[in-house]
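Chain by chain, the residues run as shown.
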Amino acid sequence: MTEPLRSRPDLCPGAIQVHRAADGGLARVRVPGGHLGTGQWKALAGAATELGNGLLELTSRGNVQVRGLPAGAEAELGARLTEVGLLPSVSHERVRNILASPLSGRDGRGLVDVRPLVAELDRRLCGTPYLSELSGRFLFTLDDGRGDIVGLRGDAGVIPVTADQVLLPLAGVDHSLCTTLDAAVDGLLAVAAAFLDERAAQGSTAWRLTDLHDGPRRVLARLRHPALRWSEPGGEPFPLLTDHPIGVVPQAEGLAAVAVGAPLGRLTRAQADALAAASRGTLVITPWRGVIVPDVPGAEAPGVLATLSSHGLIVDPASPWLGVTACTGLPGCAKSLADVRADAASTLAGATLAGLPVHWVGCGRRCGAPGGEHVEVLATGDGYRVTAGAHTWSTVDPGDVIEKARRTA
Ligand code: SF4
């Protein structure tokens, strides 16, 4: 009999705990807040080329994957990451899952700049031995008030309601748990510790808050931190926003951020090099599998955008590539029943999706599925089964998928 998914230990890959896939080792490098210095970005691109298959994969948590690693290459990868500060804690490397509003503090939106909170949370998380027991899937979210991150349903989140007061949603739901901005990281760490306490009390190996029986309510009941206040047992989930910046975004003082997308979440070495060349010191990976080049002089931003477009990066908000995602599929994943990336790419020419999220998967594990409603295209071995809302149909021709999905959804 198959063991229930959440009763197994979490095998989520890390930079050191490499997953052996059909195409070699797969390393996932956590990037809290998605923030990378140019030197760190170049180190990742170099590692992908010299140790792996040459591609950088961007994940829906703003992390970076290197794959195609030969056996034993993880030692060299670890040394390279350590040298550039991307592996600050061996014991906690898989639990540094921290999403933050990518443009926080730069474009004038949001109530607070959450970048200092990202750094503080990462430092204190890595400094708390107990929290190394979190699964590699437990997610912290830091939304700066604009609502772009909170809907991603992190296990422990923060969203400000004023410049000095924050809500702490649990699993993306507002439970009226609140505190001051100064105590926001205290609150996140307290929620994470309470999750582990409740998990132990239930004799569970739960990966995430909602995997626990009555998880959010029981975790709330365990919170004793003096800075935390809450009044209601349950509330409404925050909505998932799907309108993300692509193109030139104005910043203060004549600067601009250039936001681009990576087709199906993958970057070639040439694309990675083009982004490094465009960088003014920092690059920000987004949870929607894109990269932002911040702090570009405004007059230069259109030229930077054009250069990145010439390398095949997505620069048009109307591009059919936006909203289309796919799991690894064949040949990288032995479980897959199809080369879902190739099939997804082949259907995109001329497609008009109007922002419809479509996710292609090679098997029922549904890796990388986006949060919220989307069209699922599931490989069956002799074609695909497509699910759009209440509608399901099968097709042997991948070329049918997008047009039918668009008409149905
Ligand atoms: S959904 Fe299935 S085929 Fe796709 S990456 Fe996950 S395990 Fe592999």
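Residues numbered from 1 in each chain as written. Predicted model: local features only at pLDDT ≥ 70, side-chain atom pairs only at ≥ 80, totals over all residues.

Caption draft 1: Quick look at the pairing of strand E2 (residues 24–29). In terms of burial, E2 is a largely internal element, 5 of the 6 residues being buried. Bridge count between strand E1 (residues 19–21) and E2: 3 bridges; the pairing is antiparallel. In the sheet register, Arg-20 faces E2, and the bridge partner there is Gly-25. Pairing of E2 with strand E5 (residues 64–69), which is carried by 5 bridges, proceeds in the antiparallel orientation. Bridge assignment links Ala-27 to a residue of E5, and that residue is Val-66. (Buried ≥ 20, exposed ≤ 12 C-beta atoms within 10 Å, placed from the backbone. Helix = DSSP H or I, 4+ residues; strand = E, 2+ residues; numbered from the N terminus. Pairing = 2+ DSSP bridges.)

Caption draft 2: View of the site of the ligand. All residues adjacent to the ligand are Cys-327, Thr-328, Gly-329, Cys-333, Lys-335, Ser-336, Val-361, Gly-362, Cys-363, Arg-365, Arg-366 and Cys-367. Partitioning the shell around the ligand into residue classes produces 5 nonpolar, 4 polar and 3 charged. (Near = placed C-beta within 6 Å. Nonpolar A, V, L, I, M, F, W, Y, C, P; charged D, E, K, R; others polar.)

Caption draft 3: View of the sheet that holds strand E7 (residues 140–142). The sheet built from 5 strands is open, its strands ordered E6-E7-E8-E9-E10 with mixed pairing. Each having just a single partner strand, strand E6 (98–100) and strand E10 (178–180) make up the two edges of the open sheet. Between one strand and the next, the sheet's axes are offset by a mean angle of 25°, whatever the strand orientation. Relative to E10, strand E9 (residues 165–167) is paired through 3 bridges, and the arrangement is antiparallel. What sits directly across from Val-166, in E10, is Thr-179. The strands touched by helix H3 (residues 115–126) within the sheet are E6, E7 and strand E8 (156–160), with E6 carrying the most contacts at an inclination of about 175°. (Axes fitted to C-alpha atoms, helices over the stretch in contact; angles between N-to-C directions. Contact = placed C-beta atoms within 7 Å.)

Caption draft 4: Fine view of the packing of helix H4 (residues 184–201) against helix H5 (residues 215–222). Running from amino to carboxyl end, H4 crosses H5 at an angle of 110°, the nearest separation of the two axes being 9 Å. Taken together, the axes of H4 and H5 lie roughly perpendicular to each other. Considering the relative orientation of H4 and H5, their crossing is right-handed. Where H4 approaches H5, its residues Val-191, Ala-194, Phe-195, Asp-197 and Glu-198 are matched on the opposing element by Arg-218, Val-219 and Arg-222. Taken together, the residues that form the contact of H4 with H5 break down as 4 nonpolar, no polar and 4 charged. (Parallel < 35°, antiparallel > 145°, perpendicular 65-115°, else oblique. Left-handed = near helix turned anticlockwise from the far one by under 90°.)

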